[in-house]
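Letter by letter, the chains look like this.
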Amino acid sequence: MANQETIYTETTIENVFQKLISGWDELSNFYHKEIKVHESDRLAYIDMADIARFIVKKKKANETKHFSRFFENTEAILEQADTYIQNLIVVGLFEGIQNIGGQEIAYKASFNEWLGPKSIGEWRKLINFWGG
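No experiment lies behind these values; they were computed from the predicted model shown. (Residues numbered from 1 in each chain as written. Predicted model: local features only at pLDDT ≥ 70, side-chain atom pairs only at ≥ 80, totals over all residues. Heavy atoms only, no water.)

Asks: Hey, could you go over the overall build of the protein chain for me, with residue numbers and the actual values?
Replies: For the protein chain, the helix and strand inventory stands at 6 helices and 0 strands. Along the protein chain, helices (α) and strands (β) appear in the sequence α-α-α-α-α-α when read from the amino end. The C-alpha radius of gyration of the protein chain comes to 14 Å, within 12% of the 14 Å expected for a compact globule of 132 residues. Across its three principal axes, the protein chain shows a C-alpha extent of roughly 35 × 35 × 25 Å. Burial status across the protein chain gives 44% buried among its 132 residues. Put simply, 72% of the contacts in the protein chain that link residues at least 6 apart link residues at least 24 apart. Surface exposure of the protein chain reaches about 7300 Å², of which carbon and sulfur atoms provide 49%. Averaged over its 15 positive side-chain charges, the protein chain has a centre that lies 5 Å from the centre of its 19 negative ones. (Helix = DSSP H or I, 4+ residues; strand = E, 2+ residues; numbered from the N terminus. Rg over C-alpha atoms; globule rule 2.2 N^0.38 Å. Buried < 20%, exposed > 50% of the residue type's maximum accessible area, 1.4 Å probe, protein only. Contact = heavy atoms within 4.5 Å. Areas by Shrake-Rupley, 256 points an atom, 1.4 Å probe, with all protein chains shown as cover. Lys, Arg positive; Asp, Glu negative; His and termini not counted. Charge placed at Lys NZ, Arg CZ, Asp CG, Glu CD.)

Asks: Talk me through the packing of helix α4 (residues 67-79) against helix α5 (residues 83-101); I want residue IDs and the actual numbers.
Replies: The geometry of α4 relative to α5 is characterised by a closest axis approach of 9 Å and an angle of 150 degrees between their N-to-C directions. Contacts from F70, F71, T74, I77 and L78 of α4 reach α5 at I85, Q86, I89, L93, F94 and I97. Split into classes, the residues belonging to the contact of α4 with α5 amount to 9 nonpolar, 2 polar and no charged. (Axes fitted to C-alpha atoms, helices over the stretch in contact; angles between N-to-C directions. Nonpolar A, V, L, I, M, F, W, Y, C, P; charged D, E, K, R; others polar.)

Asks: Go over the side chain of S119, please, and point to the residues and values.
Replies: Structurally, S119 can be placed in helix α6 (residues 117-129). Not counting residues within four places of it along the chain, the set of residues in contact with S119 comprises T74, E75, L78 and F94.

Asks: For unusual backbone geometry, give the residues involved together with the corresponding values.
Replies: Phi is positive for N62, close to 60 degrees, though the residue is something other than glycine. Residue placement: N62 occurs in the loop between α3 (44-60) and α4.

Asks: Which residues make up α4, and what values go with them?
Replies: In this model, α4 (13 residues) spans 18 Å end to end at C-alpha, consistent with the 18 Å of a helix rising 1.5 Å per residue. Close packing links the buried residues of α4 with α1 (13-21), α2 (25-35), α3, α5 and α6. (Expected span 1.5 Å × (residues − 1).)

Asks: Tell me about the nonpolar core, and name the residues and values.
Replies: Counting 36 residues, the largest nonpolar core has I51, I55, F71 and F111 as its most contacted members. Of all elements in the fold, only α1, α2, α3, α4, α5 and α6 reach the threshold of two or more residues within this core. The contacts of I55, once residues within four sequence positions are left out, are W24, F67, F70, F71, I97 and F111. (Core = buried A, V, L, I, M, F, W, Y, C linked by side-chain atoms within 4.5 Å.)

It is worth stressing that arrangement in space is one thing and function is another; only the former is reported here.
This is the structure we're talking about:
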């Protein structure tokens, strides 16, 4: 969608994480117990890598029931984010999934069914950047 208001910014980073985990109780519980508990010394890219690790674990276990909602949330964030947050999603989440999944997950196509158009476009750019 064009001309959407920017609502996800570096200064409102917690809103990004809350949107990302919304609609998936297990991920929300993981976030609050394993990530947010370190409130004083958090780094957004490390937090996003922890979420990427969670997603890869679910993919490997074929527990993808909540992927549609998760990636809808990702798409909404990308559509309404500043450059910092867009990079956080692309580098922190998408590249994190690629790196953590390694050879076990065919990341070039195995998430396509859940990705929205902006997410697919950004993930493709990332894949092409690293050599297609």
